[in-house]
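For reference, the chains in residue letters:
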Amino acid sequence: MSGHSTYQPQNAFMKWMERRLPIAGLIHSSFVAYPTPRNLNYWWTFGGILTFLLGMQIVTGIILVMHYTPHADMAFNSVEHIMRDVNYGWLLRYLHSNGASMFFVAVYIHMFRGMYYGSYKEPREVLWILGVILYLLMMATGFLGYTLPWGQMSFWGATVITNFFSAIPVVGESVVTWLWGGYSVGNPTLQRFFSLHYLLPFVIVGLVVLHVWALHVVGQNNPTGIEPKSAKDTVPFTPYATVKDAFFMMCFCVVFAWFVFYMPNYLGHADNYIPANPAVTPLHIVPEWYYLPFYAILRAIPNKLMGVVALGGSIVILAFLPWLDTSKVRSANYRPLFRQFFWIFVLVCLGLGWLGAKPAEGGYVIAARILTIYYFAHFIIILPLLGWIEKTKPLPNSISESILKEGLPAGGSGPAPTVSKH
Amino acid sequence: MACCVDGLDDTNEGRKPVTTTSAEPTRRDFLYIATASVGAVGVAAALVPLIAAMNPDASTIAAGAPIEVDLGPIAEGQVIKVFWRGKPIFVSHRTKKEIEEARSVNLASLPDPQPDDKRVKEGKPQWQVLIGICTHLGCIPIAHSGQYNGYFCPCHGSVYDTSGRIRSGPAPTNLPLPPYEFVSDSKIRIG
Ligand code: HEM
Ligand code: FES
């Protein structure tokens, strides 16, 4: 798919280099000449936005570390020191904490995009699974980072989450002691979480490289879900995709900046400005907003082990999506039934998120149970069945044809849905 | 045979390794297995310190030494919280009514059946010592609250009775008892 490089080194040095380490040629063929489908919409710009945010988290994080002290007695004050004394420390910290939120906004849009357009289907299964692993690593990194300021939510969040492992039969308690490095969450826990919070983003970088590599082997999906068939269906990455990505990244940054400058604590929790107190559990523990749907699933189930299993399952099941969706047609644009179920699924996820922030009592628990059942049913019942019963719309012959037909009455003369051949 | 034990055929100009298909084990087979075994032992040996270093260190264990608690100042009906190994320990001076409530329960109706007298020291039903950590996911329950006027965990709504036994909610088991003993009538040692 990536075609062969048309890169011509311009000067003597680059010619010399190209024969020894053809990195310029690799970059050229991956990000300049690389053919991208000509019909990509703005939902395709979030991959670039994610890469940008990863870089930003690493840069702000490295400078925060220069002023942060990973010790239970000093961490909270060192974060206040960053906020009050360090030049632009407030900005770095707000960029980093809101950057994490934006990271999750972007990854959720990116994932729902993939679900809507069937980007996980053959031959993009490995690409999708790498994405699920990246998402898991992001969740781990965000969780570890949230413990670092060592406020009340940091401490109790860490306690509740590490206790998931105590649900493991027999060895659970020993595993949790090992994770903590003590008999409860304490200084050894904070120090190792800091170490891992520094490490994981670089593991993420490595996986992003694999993710992009896999992408460039199989090529990008596009809103029609059919593969490019001729040169007419694609445009070179630069300038077309580059400028589109950059433009929308700037729009995204406006929203990001709005949070950083006008409501920097809106997405956080006030209790985290109270220093960690092992003697008092806050009355209402909630995780960061991006974990809320999973938290709702955990609390919906009245059994400890099963609650943890359901929480894990709700994420792991994403990796099996390529095989659970039995439809041969990729894009929801040609799947009228799936399209409706897709939006119901989005609403269910949002609903679970809303419930995750509510106290676990009465009607909230009942609602969370219903939505949890639906969440799993979407993957295990609805998606496999739809592939059999759904009557899909005719697919266009090619990407360029679909663009030329835009604006014409829908359901015109097209061939019956076919599996695209590669 | 003598010329080719190393698997390379000397007449093979390109020096391509010749795959030996003979059933006879060669010297290379031996080297493969020997190297892999030594390597596997080495990896396993390296894992031991790496994993062990993440377990509680000597200072953490030392700080987890037993503590003594004077029961004198604890009024009837009062629950105090002390810390042992970083864990909150509830010391409850139960009233007659609380003891009665704990003892009159139909055990078969409990999720984790345990009689109250197994959860206190003999002859000291008024003193109850519990690890104050919810067995669900580790929050600290609030004393004198919940439906049974025992403990209530605000995190996900587990309800414990005056004996610290789980009655409803997601927690799977009763509040555990720390190891402790009476050193005198008004003093206990926890740990
Ligand atoms: C995947 C990328 C990353 C994510 C999602 C992330 C997420 C977070 C979050 C949510 C916090 C808590 C912010 C708060 O409430 O104050 C945090 C704190 C922190 N992070 Fe990161 N982080 C990332 C990368 C990094 C890197 C690469 C470093 C260091 C090299 C780093 C260093 C820190 C430090 C020192 C803190 C504590 C200071 C503070 O609370 O602001 N982070 N991180
Ligand atoms: S931690 Fe107590 S109910 Fe979940």
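Residues numbered from 1 in each chain as written. Chains lettered and ligands numbered in written order. Predicted model: local features only at pLDDT ≥ 70, side-chain atom pairs only at ≥ 80, totals over all residues. Heavy atoms only, no water.

Q: Help me out: how do you make sense of the overall build of chain A in this one?
A: Scanning chain A from N- to C-terminus turns up 16 helices and 2 strands. In terms of overall dimensions, chain A is globule-like: its C-alpha atoms have a radius of gyration of 24 Å, near the 22 Å expected for 422 residues. A principal-axis box enclosing the C-alpha atoms of chain A has dimensions of 70 × 60 × 45 Å. Per-residue burial for chain A yields a buried fraction of 52% across its 422 residues. For chain A, the proportion of contacts with a sequence separation of at least 24, taken over those separated by at least 6, is 80%. As displayed, chain A has an accessible area near 20200 Å², and 72% of this comes from carbon and sulfur atoms. Of the side chains in chain A, 25 bear a positive and 17 a negative charge, and the two mean positions are spaced by 9 Å. (Helix = DSSP H or I, 4+ residues; strand = E, 2+ residues; numbered from the N terminus. Rg over C-alpha atoms; globule rule 2.2 N^0.38 Å. Buried < 20%, exposed > 50% of the residue type's maximum accessible area, 1.4 Å probe, protein only. Contact = heavy atoms within 4.5 Å. Areas by Shrake-Rupley, 256 points an atom, 1.4 Å probe, with all protein chains shown as cover. Lys, Arg positive; Asp, Glu negative; His and termini not counted. Charge placed at Lys NZ, Arg CZ, Asp CG, Glu CD.)

Q: Honestly, the coordination of the iron atom of ligand 1 in this entry has me stumped. Any pointers?
A: Four donors placed tetrahedrally about a metal ideally form angles of 109.5 degrees, and six donors placed octahedrally ideally form angles of 90 or 180 degrees. All names here are of chain A. Within the protein, the iron atom of ligand 1 binds to His96 (NE2) and His197 (NE2); these donor distances fall in the range 1.9 to 2.0 Å. Around the iron atom of ligand 1, the 6 donor atoms sit at angles spanning 88 to 180°, and that spread fits a shape best called octahedral. Of the two residues, His96 sits in helix H5 (residues 89–116) while His197 sits in helix H9 (residues 187–218), which places them 101 residues apart along the sequence. (Donors = N, O, S within 2.8 Å, 3.2 Å for Na, K, Ca; no water. Tetrahedral: all angles 85-135°; square planar, octahedral: opposite > 155°, others 65-115°.)

Q: Hey, could you run me through the state of the cysteines in this one?
A: Each disulfide consists of a covalent bond between the sulfur atoms of two cysteine residues. Residue and element names in this part refer to chain B. In the structure shown here, the tally under the stated rule is 1 disulfide over all chains. Across the disulfide, Cys139 is cross-linked to Cys155 (sulfur-sulfur distance 2.0 Å). One disulfide, between Cys139 and Cys155, carries an S-S torsion of -90° and so falls in the left-handed class. Here Cys155 lies in the loop between strand S6 (150–152) and strand S7 (159–160) and Cys139 lies in the loop between strand S4 (127–131) and strand S5 (142–145), a separation of 16 residues in the sequence. Judged by its relative accessible area of 1%, Cys139 is buried. (Disulfide = S-S within 2.5 Å.)

Q: How should I be thinking about the site of ligand 1 in this particular structure?
A: Residues and elements named next belong to chain A. The full set close to ligand 1 counts 24 residues, and Arg93, His96, Pro149, His197 and Tyr198 are the nearest of them. Take Arg93: an N or O atom from its side chain is 2.8 Å from an oxygen atom of ligand 1. Contact distances for ligand 1 include 2.8 Å between a nitrogen atom and a side-chain N or O atom of His197. Looking at the shell around ligand 1, the elements that each hand over two or more residues are helix H3 (46–65), H5, helix H6 (125–147) and H9. In terms of residue count, H3 provides more of the shell around ligand 1 than any other element does, 7 residues in total. The residue makeup of the shell around ligand 1, split by class, is 15 nonpolar, 8 polar and 1 charged. (Near = heavy atom within 4 Å. Polar contact = N/O pair within 3.5 Å; in protein donor to acceptor, adjacent residues only side chain to side chain. Nonpolar A, V, L, I, M, F, W, Y, C, P; charged D, E, K, R; others polar.)

Q: Mind showing me how you'd approach the sheet that holds S4 of chain B here?
A: Strands in a sheet are paired, the pairing made by backbone hydrogen bonds, and the direction either parallel or antiparallel. Residue and element names in this part refer to chain B. Pairing within the open sheet is antiparallel, and its 3 strands lie in the order S2-S3-S4. A single partner strand is all that each edge strand has here, and the edge strands are strand S2 (79–84) and S4. Pairwise comparison of adjacent strand axes, ignoring direction, gives a mean angle of 25° for this sheet. Bridging between strand S3 (residues 87–93) and S4 involves 5 bridges; their strand directions are antiparallel. If you follow Ile89 over to S4, its bridge partner there is Ile131. (Pairing = 2+ DSSP bridges. Axes fitted to C-alpha atoms, helices over the stretch in contact; angles between N-to-C directions.)

Q: How do you make sense of the packing of aromatic side chains when you look at a structure like this?
A: Under the criterion given, the structure shown has 40 aromatic pairs over all chains. Measuring from centroid to centroid gives 3.9 Å for Phe104 of chain A and Tyr290 of chain A, while their planes differ by 5°, and the two rings are stacked. In this pair, Phe104 of chain A is assigned in helix H5 and Tyr290 of chain A in the loop between helix H10 (237–262) and helix H11 (292–300), connecting sequence segments 186 residues apart. Looking at Phe104 of chain A, the relative accessible area reads 2%, which means it is buried. In this structure Tyr290 of chain A comes out as buried when scored by relative accessible area, which is 1%. Cluster of aromatic residues (ring-pair linked, three or more members): Trp44, Phe112, Tyr116, Tyr117, Phe338, Phe342, Trp343, Phe345, Tyr375, Phe376 and Phe379 of chain A. Lying over the aromatic face of Trp44 of chain A, Arg113 of chain A brings its terminal NZ or CZ to 4.9 Å of the ring centre. The lysine or arginine in question, Lys124 of chain B, covers the ring of Phe182 of chain B, its NZ or CZ lying 5.0 Å from the ring centre. (Phe/Tyr/Trp six-rings, centres within 6.5 Å; stacked < 30°, edge-to-face > 60°. Lys NZ or Arg CZ within 6 Å of the ring centre and 35° of its normal.)

Q: Can you walk me through the environment of Lys118 of chain B in this structure?
A: Residue and element names in this part refer to chain B. Within the secondary structure, Lys118 is located in the loop between helix H3 (96–103) and S4. For Lys118, a relative accessible area of 60% translates into the label exposed. Considered as a pair, Lys118 and Ser163 are 45 residues apart in the sequence and their alpha carbons are 10 Å apart.

Q: So what exactly am I meant to see when it comes to the nonpolar core here?
A: With 117 residues, the main nonpolar core has Leu53, Phe104, Tyr135, Tyr375 and Phe379 of chain A as its most contacted residues. At 13 residues, the largest contribution of residues to this core is made by H5 of chain A. Apart from the residues lying within four places of it in its own chain, the contact partners of Tyr135 of chain A are Phe104, Val107, Tyr108, Met111, Phe294, Ile315 and Leu318 of chain A. Residues Ile74, Trp84, Trp127 and Ile188 of chain B belong to the second largest nonpolar core, which totals 13 residues. (Core = buried A, V, L, I, M, F, W, Y, C linked by side-chain atoms within 4.5 Å.)

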